[in-house]
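Architecture at a glance
Next come the chains, spelled out residue by residue.
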Amino acid sequence: MTATPPATDHGRAGRNLPAAVGSAVVLLAAIAASLAFWKTAFMLIVAAAVVVAVWELRQGMAAKDIDLPEQPLMIGGVAMVFVAYFFGAPALVTATGVAALVIMLWLLRRGVDGYVKNATASVFTLIYVPFLGSFVGLLLAEGGAVDFDRWDDGVRGILTFILVTIASDIGGYAAGVLFGKHPMAPVISPKKSWEGFAGSAVACLVVGWLCVVYLLDGDWWVGLLLGAIAVCMATLGDLCESVIKRDLGIKDMSQIVPGHGGLMDRLDSLLATVAPVWLTLHYLVF
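Below is a summary of the structure that appears in this document. Within every chain, residues take consecutive numbers counted from 1 along the sequence as written. Where totals are concerned, whole chains, interfaces and linings use all residues; where local detail is concerned, this predicted model gives features only for residues with pLDDT of at least 70, and gives and counts side-chain atom pairs only at 80 or more. Calculated side-chain values reflect all of the structure's heavy atoms, with hydrogen atoms and water omitted.

A word on the environment of Trp194. Structurally, the position occupied by Trp194 is in helix α8 (residues 194-215). A C-alpha to C-alpha distance of 24 Å links Trp194 and Val21, two positions 173 residues apart in sequence. When checking whether two residues touch, look at their non-hydrogen atoms; a contact exists if any pair is within 4.5 Å. Sequence-distant contacts of Trp194, that is, excluding residues within four places in its chain, are made with His182, Pro183 and Met184. Secondary structure elements follow DSSP: runs of H or I no shorter than four residues count as helices, runs of E no shorter than two count as strands, and numbering proceeds from the N terminus.

The structure is reproduced here in structure tokens:
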């Protein structure tokens, strides 16, 4: 019998750091290239992320005998993303309602058994991934969806959103590895510590202030507010996804992103952060 190779110990952080950094560089390079070339192309990346995330959630929920209707969720999710970008928030609300109704009608084809369970999980997925992800379109469209400048409010808003969310991850990772001793939620996420949260908070406040003041020409206090909102929502998003995975009995949503696990394992904080970031910037900066 062939012996099973021992699992690789990646230390307190639990990540293959070189693979994680390499994957992050590739993803960030693709984002930067799309924004620099033609910002509408970035929405193609968002749409692709929605499709992959829905696929991952379907795979994960299958462990609990939940069968998500993949096709309508993917098609409806992509439609919601582009509706938000081209037509704005009211159209997004309508598109979300229509997509939910179509999905519930689609599930009628399967019969009565499991209908409530599958429909509930499907609407949850629709809100969790495509609806929250569509706020990226609302933020990018701040400078115009069709007639826009290369370096407009939308592009700078997206950069601010990405940088402040990344700051939470990096600040929490560094402080957690170096100083983490007091678990924040040991049952949900054993490696997440209060020291890591403090590192995330400091990084988000600094990056939020720098981005709002020097990138968006906004007030300093808005930058600090944005940083405080980002660290709270990014942490909440990470914890919520950890709860989902524990409930489903899986470690990662998939292994599609080397060093990170599934795409949802990277999108969790971004999905939770983008809506409040858009609201803050829309009403206090733009």
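We now examine the nonpolar core. Within this scheme, the nonpolar core is defined by two criteria: the residues are buried Ala, Val, Leu, Ile, Met, Phe, Trp, Tyr or Cys, and they are joined through side-chain atoms within 4.5 Å. Residue exposure (1.4 Å probe, protein chains only): buried if accessible area is under 20% of the type maximum, exposed if over 50%, otherwise partly exposed. With 58 residues, the main nonpolar core has Phe42, Val129, Phe135, Leu140, Ile158 and Met264 as its most contacted residues. Here this core gets nine residues from one element, more than from any other, and that element is helix α2 (residues 40-61). Aside from chain neighbours lying at most four places away, what touches Val129 is Val50, Ala53, Leu57, Met264 and Leu271. Core analysis: the next-biggest nonpolar cluster, separate from the first, contains five residues, Val164, Ala201, Cys204 and Ala230 among them.

Once that is clear, we can look at the side chain of Glu241. Residue placement: Glu241 occurs in helix α9 (residues 220-248). What Glu241 contacts, discounting residues up to four positions off in sequence, is Tyr128, Met253, Met264, Asp265 and Asp268.

What follows is about the environment of Trp209. Examined against the element boundaries, Trp209 turns out to sit in helix α8. Residues Trp209 and Gly171, 38 residues apart in the sequence, show an inter-C-alpha distance of 15 Å.

Turning next to the pattern of salt bridges. Any two side chains of opposite charge can pair if their charged atoms end up close together. Salt bridges are defined by distance alone: a side-chain nitrogen of Lys or Arg within 4 Å of a carboxyl oxygen of Asp or Glu. In this structure the tally under the stated criterion is nine salt bridges. In this structure, Lys39 engages Asp152 in a salt bridge whose closest nitrogen and oxygen atoms are separated by 2.7 Å. Of this pair, Lys39 sits in the loop between α1 (17-37) and α2 while Asp152 is found in the loop between α6 (135-140) and α7 (153-179), placing the two residues 113 residues apart along the sequence. Judged by its relative accessible area of 2%, Lys39 is buried. Of the residues examined, Asp152 reaches a relative accessible area of 6% and is grouped as buried. Of the charged contacts, one joins Asp65 and Lys117 as a salt bridge, the two residues approaching to 3.7 Å between their closest N and O atoms. In this pair, Asp65 is assigned in the loop between α2 and α3 (70-87) and Lys117 in helix α5 (residues 115-133), connecting sequence segments 52 residues apart. Classification of Asp65 by relative accessible area gives exposed; the value is 59%. Connected via shared salt-bridge partners are Arg58, Asp67 and Arg110.

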